Amino acid sequence: MSGKNMMTIDGNTAAALVAHATNEVIAIYPITPSSNMGELADLYSAQGKKNIWGTIPDVVEMQSEGGASGAVHGALTTGALTTTFTASQGLLLMIPNMFKIAGELTPTVFHIAARAVACQALSIFGDHSDVMAARSTGFGLLSSTSVQEVLDFALIAQAAALKARVPFLHFFDGFRISHEISKVEGIPEEIMRKMIDDEMVRAHRKRGMTPEAPVIRGTSQNPDVFFAARETVNTYYDGASAIVQEMMDRLAKLTGRSYKLFDYVGAPDAEEVVMLMGSSSDTVEETVEYLRKKGRKVGLVKVRLFRPFDAAAMTAALPATVKKIAVLDRTKEPGALGEPLYEDVRTAVGEIMAAGKAPFKGYPEIVGGRYGLGSNEFTASMAISVFDNLASAAPKNHFTIGIHDDRSFTSLDWDKDLSIEPEDVHRAVFFGLGSDGTVSANKNSIKIIGKATDNYAQGYFVYDSKKAGAVTTSHLRFGKRPIKSSYLVQKAQFVACHKFSFVEKYDMLKYAEQGGVFLLASPFPADQVWDHLPVEVQRQIIDKNLKFYVIDAIDIAQKIGLGGRINTIMQTAFFLISGILSEDKALELIRASVQDTYGKKGADIVKLNMDAIEASRTKIEEVKYPKETRGDLHMIPPVPGYAPDFVKEVTGEIIAARGADIPVSKLPDDGTYPVGTTKYEKRNIAENIPVWDPDTCIQCGDCSAVCPHAVIRMKIYDPKHLQKAPGTFKSTDAKGKEFEGLKFTIQVSPEDCTGCGACVNICPAHKKVGGEKTEEKAINMHPQLPLREQEVENW
């Protein structure tokens, strides 16, 4: 680590910083996971931030991705330096304009948070299917492997596009890099100025269409000239890869960070080599280091520039000793002989061999495989499986890794329990509820660690597609060396659960290392919590000899006035327990983080969070647990036993966070799923649920009507139905002459309620005591846990 200009940012921020600094017009339209780039660019201009030429870029949000790319095309045609950001279907909607931009040899860079294109289902998560669908447009494709590379390659692409007159898609894996927070070395403005050749900018300006020098562009051509005219661009593409390498070399002189179009890592005499692009390149690099220590002759080629594809540069990157190559693609092209990178590598090797220019002896055996579609995990253990397949006598071709294909039998097996993460890297995993602030707190924690120590830091956050109200998982790493583990934490020294009901549903402690720490947000104190844990959780705590801490974060938050926002409380507990920083230093930085995060929301919000920090300091309790399990509480199955087989075997496994284990044969071929399966998922996420007061109720029905999840049901019925009712079932006489002699009940489904409180807010009936109105209403919020069992029976 050079120590110069270090910053802790995510991939989207890295791209936005460079794009804003090197452009004059930015046309945007939001689409996950690229939206943040446009939002940041808009913010920078609103704040008056200038580009490297001293002007404030014009940022305009259009009404569609087609509109954004059209605006880019138009602005470029005037000679303005212009960019945009997009992903997935958004990129596909830009393709018509991209063909024109490239055909007219117009330099620009589109920054892409690469995301799966909707096929059998929509996915907001990352792979390379979008950029691969655009590879015939004539845009160059430059792939970044890490947040640091996003910063560097955004600048390299901009400089190369201007000189080569070839537009570029600069892409990086959606979520995996776009939302990963990492400590990187920034690029000062003076280095950006040295990277961008002003003469090339002036040349771009001179090509801009203007009434002062009229020309025709965008003509219609007949068969006599179209073919020949299409071939005029060849020399530009022939020279583009050398220009990209030139800009990589220029950046290396300015920053010390060196890149090649195809970077080789591994044994000089490697016989087995893996080739791929994107974030998983770092995972394979980590694996190569591990296998070399075991004496294996293996290597890795990181593909930086995919278009234009430079066959000579690719083969030159391979060691002369190579005998077998595995090419990994993060996309699927049904019906093709192979995926895009695999096909290009085979063609390149074949042509080089045929020309007699190959640097290696003999034709290497080449196999291809697919991995990581829709952000499917790709771990070091999976990478080892790819190398093991290569080493076999007959390597499987057209394989998959990371799934269980019992239909076409394409998949490779891997060791799920194997972890090769370096021992000197600290790892932590946090389970939170979407919108409870857990992710925001952990982003701040990574920034605090990055700022206060000389550690490299990485934060990656797993979101459920349901977002608010669903599980979020934060994976944090930090250590003295650059972190190459671009996959989820497998074994952590620290595991935290910010939602007590999760302990009965999710196997969180599978992440905990022997002798690690478990922090639980619990409504039960240290001397009572053990008897409220499932025996399966107790057994893991005992067997792994974990240090076990509890804190009643919800109680602290509610007494202070933060409601369900427990993030600052749990963040404070993490730092005080983990000992990463001294207590005084940790508290100082957390307070500074609170001021920075909430300062714009007002002094009251800042004070509430400051109070939460102070309250947390004395509320952390260590649990002195017995060395044996007790009680009869068990983990709750994800769906009831009476659910249909499909719900139990597919939907239920997804709910239980075991979706990655579902084999191909159990999933619908065309993405068609049964309806009405939500009724089987009992999330139990509400800390407090509404409780009905029959004596105060005026039977208006507003609570049932306003409930966004339809968990409050209002019934009028014959009294005979109460004969077998549970003892705690509430009813009262129905109001109104037309309901005379009938009973009335309002009942809540406690396991489906989210605890939003909309029913209480809408309720017009206040309880009266001594003729005076009180704050109590006909429906009021009370803790869910003590009421759950009886209210499930009542429901």
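Residues numbered from 1 in each chain as written. Predicted model: local features only at pLDDT ≥ 70, side-chain atom pairs only at ≥ 80, totals over all residues. Heavy atoms only, no water.

Engineer: With reference to specific residues and values, describe the layout of surface pockets.
Structural biologist: Here the second largest pocket defines a volume of roughly 1,300 Å³. Taken together, the elements giving at least two residues each to the lining of the second largest pocket come down to β1 (6-10), α1 (11-21), α2 (35-46), α16 (438-452), β19 (471-479) and α20 (583-598). (1 Å grid on protein atoms, 1.4 Å probe; cavity = no way out; pocket = protein on both sides within 12 Å on 5 of 7 lines; lining within 4 Å. Points joined across faces, edges and corners; volume = space filled by probe spheres on them. Helix = DSSP H or I, 4+ residues; strand = E, 2+ residues; numbered from the N terminus.)

Engineer: Tell me about unusual backbone geometry, and name the residues and values.
Structural biologist: The linkage connecting Thr-32 with the following residue, Pro-33, adopts the cis geometry, with an omega of 0 degrees. As for its position among the elements, Pro-33 is in the loop between β2 (25-28) and α2. That bond from Arg-307 to Pro-308 is cis: its omega, -10 degrees, falls within 30 degrees of zero. Looking at the element boundaries, Pro-308 is found in the loop between β12 (305-307) and α13 (311-317). Within the chain, Ser-88 stands out as a residue other than glycine whose phi angle is a positive 50 degrees. We note that Ser-375 has phi near 70 degrees; this positive angle belongs to a residue other than glycine.

Engineer: How would you explain the pairing of strand β8 (residues 181-185) if you had to name every residue and give the values?
Structural biologist: The element β8 is extensively covered by neighbouring structure, given that five of its five residues are classed as buried. The side-chain alternation of β8 yields two buried faces, one formed by Ile-181, Lys-183 and Glu-185 and the other by Ser-182 and Val-184. Bridge count between β8 and strand β18 (residues 456-463): two bridges; the pairing is antiparallel. Across the sheet, Ile-181 pairs through a bridge with Gly-459, a residue of β18. (Buried < 20%, exposed > 50% of the residue type's maximum accessible area, 1.4 Å probe, protein only. Pairing = 2+ DSSP bridges.)

Engineer: How would you sum up empty space enclosed by the protein? Please name residues and give values.
Structural biologist: Tallied over the entire structure, the rule returns seven cavities of 30 Å³ or more. Of the pockets and cavities examined, the largest cavity occupies roughly 110 Å³. Top contributing element to the lining of the largest cavity by residue count: strand β24 (residues 688-692), with four residues. Partitioned by chemical class, the residues of the lining of the largest cavity number six nonpolar, three polar and two charged. (Nonpolar A, V, L, I, M, F, W, Y, C, P; charged D, E, K, R; others polar.)

Engineer: Summarise the packing of aromatic side chains; cite the residues concerned and give the values.
Structural biologist: According to the stated counting rule, one finds 19 aromatic pairs in the structure shown. With a centroid separation of 6.2 Å and an interplanar angle of 85 degrees, the aromatic rings of Phe-306 and Phe-309 are classed as edge-to-face. In this structure Phe-306 comes out as buried when scored by relative accessible area, which is 0%. Directly above the aromatic system of Tyr-460 lies the positively charged group of Arg-176, at a separation of 3.7 Å from the ring centroid. Lying over the aromatic face of Phe-306, Arg-307 brings its terminal NZ or CZ to 4.3 Å of the ring centre. (Phe/Tyr/Trp six-rings, centres within 6.5 Å; stacked < 30°, edge-to-face > 60°. Lys NZ or Arg CZ within 6 Å of the ring centre and 35° of its normal.)

So yeah, pure geometry; function would need other evidence.
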